[in-house]
Amino acid sequence: MNPLRSLILAAAGNDAIRKLVATTPISRDVVRRFVAGETTAEAITVTRTLVDSGLTVTLDYLGEDTTDAELAEQTVQAYLKLLDRLHAENLAERAEVSVKLSAVGQLLDETLALNNASRICAAAEQAGTTVTLDMEDHTTTDSTLRILDELRRTWPWTGAVLQSYLHRTLDDCARLAGSGSRVRLCKGAYAEPEQVAFADKHEIDVGYVRCANALLAGDGYPMFATHDPRLVEILSERAKWHDRKPGSFEFQMLYGIRPDEQLRLAGEGHTVRVYVPYGEQWYGYLMRRLAERPANMAFFLRALASRS
Ligand SMILES: Cc1cc2nc3c(=O)[nH]c(=O)nc-3n(C[C@H](O)[C@H](O)[C@H](O)COP(=O)(O)OP(=O)(O)OC[C@H]3O[C@@H](n4cnc5c(N)ncnc54)[C@H](O)[C@@H]3O)c2cc1C
């Protein structure tokens, strides 16, 4: 992995840096570029704007690695409130939710995470929308896929996420490419050891295309999460090759990243879903976004230095 990226991801776990970032005024502007806001109301406002411009949305209530059952419960309550609002505002048809299992208790107890995720799925069903389980670092992959299998018994629309940087992912794609299966394919955002993941960008990209082929050849609903212009072009070609019409797969991008491209793809008739994070716990998410793009990080560090 790129040493700057490793350094930034390491900084994500450092308390002193966390305090500096959280209390520096410039941070707010950088945060706002990538995060909808801290409240449900702000998340709904951003969702409305995106939906009105022809996009669809998946909302993420920020938080992860919870080791406190009370905090896990607060996260569940935040999702229940959000789903209620999506329904009340007639947004549920075009906006779903993304859930990190580590935010609802996975690190404490897998059964607790399954029960909490089940409550969110039941509320999503009532609201008229769906849930996708985000994928976190490789130590959680097996547990997340076990919980996914359980949830799909009752809510077959529950979405999975697979990461092309992991060696195992082509096999997981083959297993999850069946009818009705919603699978988001991304490159992967965590610092992973070479025993389990490719470090080389080219290998990750080749892996992505192989996995995309497996998903497109299957009967499921692939969700291609990438901002990479080369991959978007290849995916559009491969989709035609597999006789996939727009609407039988979708593109996904993060809020604040390549917004013009999001609109261009939607204008071509593709379903484009924007991943919209919100909530007070934006720090880990922001650090992963900055680690992906050193140009953003340089800007951010200069701004921090000039204020300290
Ligand atoms: C909707 C969505 C959901 C995701 N969910 C997960 C998840 O559950 N688990 C997980 O591990 N990861 C997740 N990710 C993150 C993902 O794994 C990657 O870390 C992230 O998307 C960066 O990879 P990339 O494919 O966009 O391309 P990169 O390899 O980062 O970049 C390739 C090219 O894309 C373009 N590009 C990238 N970023 C920008 C930018 N900021 N501005 C302009 N151009 C840019 C540039 O041309 C760049 O050269 C998700 C990503 C998306 C979009």
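Structure first, text after, so check above.
Residues numbered from 1 in each chain as written. Predicted model: local features only at pLDDT ≥ 70, side-chain atom pairs only at ≥ 80, totals over all residues. Heavy atoms only, no water.

A. Representation of the layout of surface pockets. Its volume calculated, the largest pocket comes out at about 1,300 Å³. Lining the largest pocket we find 46 residues, and of these Lys187, Gly188, His227, Arg289 and Glu292 sit closest to its centre. The set of elements that each furnish at least two residues to the lining of the largest pocket consists of α3 (25-34), β4 (160-163), β5 (182-186), α9 (201-217), β7 (250-254), α12 (283-292) and α13 (294-307). With five residues, α12 is the single largest residue contributor to the lining of the largest pocket. (1 Å grid on protein atoms, 1.4 Å probe; cavity = no way out; pocket = protein on both sides within 12 Å on 5 of 7 lines; lining within 4 Å. Points joined across faces, edges and corners; volume = space filled by probe spheres on them. Helix = DSSP H or I, 4+ residues; strand = E, 2+ residues; numbered from the N terminus.)

B. Highlighting the environment of Glu150. Among the secondary structure elements, Glu150 is positioned in helix α7 (residues 141-154). With 36 residues separating them in the primary sequence, Glu150 and Leu114 have C-alpha atoms 7.9 Å apart.

C. Expanded view of the nonpolar core. In terms of nonpolar packing, the biggest core is built from 67 residues, with Leu86, Val97, Ile120, Phe224 and Val276 touching the most fellow members. The dominant element in this core, judged by the number of residues it contributes, is helix α6 (residues 110-127), at eight residues. Setting aside residues up to four positions removed in sequence, Val97 forms contacts with Thr58, Leu59, Tyr79, Leu82, Leu83, Leu86, Ile120, Thr130, Val131 and Thr132. Counting residues in each nonpolar core, the second largest holds 16 residues, with Val21, Val35, Tyr285 and Leu290 among its members. (Core = buried A, V, L, I, M, F, W, Y, C linked by side-chain atoms within 4.5 Å. Buried < 20%, exposed > 50% of the residue type's maximum accessible area, 1.4 Å probe, protein only. Contact = heavy atoms within 4.5 Å.)

D. Structural context of empty space enclosed by the protein. Using the criterion set out here, one finds two cavities of 30 Å³ or more in the structure. By volume, the largest cavity amounts to about 90 Å³. Lining the largest cavity we find Arg28, Val31, Arg32, Val35, Gly37, Glu38, Gly279 and Trp282. Classifying every residue of the lining of the largest cavity by side-chain character gives three nonpolar, two polar and three charged. (Nonpolar A, V, L, I, M, F, W, Y, C, P; charged D, E, K, R; others polar.)

E. Region of interest: the packing of helix α4 (residues 40-52) against helix α5 (residues 69-88). Closest axis-to-axis distance for the α4/α5 pair is 10 Å, and the angle between their directions is 40°. Judged by the angle between their axes, α4 and α5 are oblique. Between α4 and α5 lies a crossing of right-handed hand. Of the residues in α5, those in contact with Thr40, Ile44 and Thr47 of α4 are Lys81, Leu82, Arg85 and Leu86. Of the residues assigned to the contact of α4 with α5, the class counts are three nonpolar, two polar and two charged. (Axes fitted to C-alpha atoms, helices over the stretch in contact; angles between N-to-C directions. Parallel < 35°, antiparallel > 145°, perpendicular 65-115°, else oblique. Left-handed = near helix turned anticlockwise from the far one by under 90°.)

F. Representation of the pairing of β7. Of all five residues in β7, five are buried, a share of seventy percent or more. When strand β6 (residues 221-225) meets β7, the two strands line up parallel, connected through three bridges. Looking at β7, one finds that Met223 is bridged to Glu250. A crossover links β6 with its parallel partner β7, the connecting element being helix α10 (residues 229-241), and its sense is right-handed. As defined by bridge partners, β7 adjoins strand β8 (residues 271-278) across five bridges and the pair is classed as parallel. Bridge assignment links Glu250 to a residue of β8, and that residue is Thr271. In this view, the connection linking β7 to its parallel neighbour β8 by way of helix α11 (residues 259-267) has right-handed handedness. (Pairing = 2+ DSSP bridges. Right-handed = clockwise from strand over helix to strand, strands pointing away.)

G. Structural detail: the packing of aromatic side chains. Under the counting rule described, the total for this entry stands at five aromatic pairs. An angle of 80° between the planes, with centres 5.8 Å apart, marks the rings of Phe249 and Phe251 as edge-to-face. By the burial criterion, Phe249 is buried, and Phe251 matches it. Counting every residue linked through ring pairs, the aromatic cluster contains Tyr61, Tyr79 and Tyr278. Taking the ring centre of Tyr285 as reference, the NZ or CZ of Arg289 above it sits at 4.7 Å. (Phe/Tyr/Trp six-rings, centres within 6.5 Å; stacked < 30°, edge-to-face > 60°. Lys NZ or Arg CZ within 6 Å of the ring centre and 35° of its normal.)

These results come straight from atomic positions and should not be treated as a statement about function.
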